[in-house]
Amino acid sequence: METDRTLSSLSAEHIAFRPMREEDIPVICEIEVESFATPWTSGAFHNELNNNQFAQYLVMEVDGQIAGYGGMWLIMEEAHITNIAVREAYRGRKLGERLLREMMRNARLFGALRMTLEVRPSNTVAQNLYEKLGFYSVGIRRGYYTDNKEDAIIMWVDLPDVNRLAAQE
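All values derive from a computational prediction rather than experimental measurement.

Engineer: Can you walk me through the environment of Lys 132 in this structure?
Structural biologist: Looking at the secondary structure, you find Lys 132 in helix 5 (residues 124-132). Lys 132 sits 35 residues away from Glu 97 along the chain, and the two C-alpha atoms are 9.1 Å apart. Once residues within four sequence positions are removed from consideration, Lys 132 is found in contact with Lys 94 and Glu 97. For Lys 132, the side chain forms a polar contact with the side chain of Glu 97, separated by 2.7 Å.

Spelled out as structure tokens, the structure:
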């Protein structure tokens, strides 16, 4: 019953994706604080948007409000997810999946054939999402996270063509 209500409320919402802009950074930093033990600073986002030629950042809006964002570096035929997060108030509504699918689609449009990311072993919710979308574990980065020296699981996915990505939604 809860799932039906969640799906019907989601279908009534308007979800849009667009490139991140500098004026988004204060809200993005709020999402960072809600989501990560070591959040990125506004300066880091300014640098990514203005100085990193490989960076692509996407904002997800729900009914005109920023609900999440994701960033990746596109280098040759690979996309490396730097961060992806959904605001606390919007979690549990499959918006993270929508955002990740859009990032995968964008990466493919920019010519990437594969995508990678790191995830904490303790973050099983994220791992389940990544596995659902075809990511698989290839190794461990020991002591990767600076806040507690937790390892990171390295995951990869071969990106399907754009038409197949659209059909999966």
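Engineer: What is the right way to read the layout of surface pockets from this model?
Structural biologist: Empty space among the atoms becomes apparent when a probe as large as a water molecule is rolled across them. By volume, the largest pocket amounts to about 1300 Å³. Surrounding the largest pocket, 36 residues form its lining, Phe 36, Ile 84, Asn 123, Ala 126 and Tyr 130 being those nearest its centre. For the lining of the largest pocket, the element with the highest residue contribution is strand 4 (residues 78-86), accounting for seven residues. Here the residues of the lining of the largest pocket are counted per class, giving 18 nonpolar, 10 polar and eight charged.

Engineer: Explain helix 4 (residues 95-109) to me, please; I cannot follow it from the model alone.
Structural biologist: Since one α-helical turn is 3.6 residues long, residues separated by three or four positions face the same way. Between its first and last C-alpha atoms helix 4 spans 21 Å; for 15 residues at 1.5 Å apiece the expected length is 21 Å, and the two agree. Where helix 4 is concerned, the buried positions are Leu 95, Glu 97, Leu 99, Leu 100, Arg 101, Glu 102, Met 103, Met 104, Asn 106 and Ala 107. Downstream of helix 4 by one or two residues, Gly 111 has phi in the positive range, about 100 degrees.

Engineer: Would you mind showing me how to read the sheet that holds strand 2 (residues 55-62) here?
Structural biologist: Pairing between the strands of a sheet is mediated by backbone hydrogen bonds and can be parallel or antiparallel. Spatially, 1-2-3-4-5-7-6 is the arrangement adopted by the seven strands of the open sheet, whose pairing is mixed. In this open sheet, the two strands that pair with only one neighbour each are strand 1 (15-19) and strand 6 (136-141). Looking at each pair of strands side by side, their axes are set apart by 25 degrees on average, direction ignored. When strand 1 meets strand 2, the two strands line up antiparallel, connected through five bridges. Across the sheet, Ala 16 pairs through a bridge with Glu 61, a residue of strand 2. Most of the contacts of helix 4 go to strand 4, to which it runs at about 155 degrees, and overall it touches strand 1, strand 2, strand 3 (65-75), strand 4, strand 5 (114-119) and strand 7 (152-158).

Here is what the cut-offs are and how they apply
- Residues numbered from 1 in each chain as written.
- Predicted model: local features only at pLDDT ≥ 70, side-chain atom pairs only at ≥ 80, totals over all residues.
- Heavy atoms only, no water.
- Helix = DSSP H or I, 4+ residues; strand = E, 2+ residues; numbered from the N terminus.
- Contact = heavy atoms within 4.5 Å.
- Polar contact = N/O pair within 3.5 Å; in protein donor to acceptor, adjacent residues only side chain to side chain.
- 1 Å grid on protein atoms, 1.4 Å probe; cavity = no way out; pocket = protein on both sides within 12 Å on 5 of 7 lines; lining within 4 Å.
- Points joined across faces, edges and corners; volume = space filled by probe spheres on them.
- Nonpolar A, V, L, I, M, F, W, Y, C, P; charged D, E, K, R; others polar.
- Expected span 1.5 Å × (residues − 1).
- Buried < 20%, exposed > 50% of the residue type's maximum accessible area, 1.4 Å probe, protein only.
- Pairing = 2+ DSSP bridges.
- Axes fitted to C-alpha atoms, helices over the stretch in contact; angles between N-to-C directions.

Remember, this is a structural readout, not a statement about activity or role.
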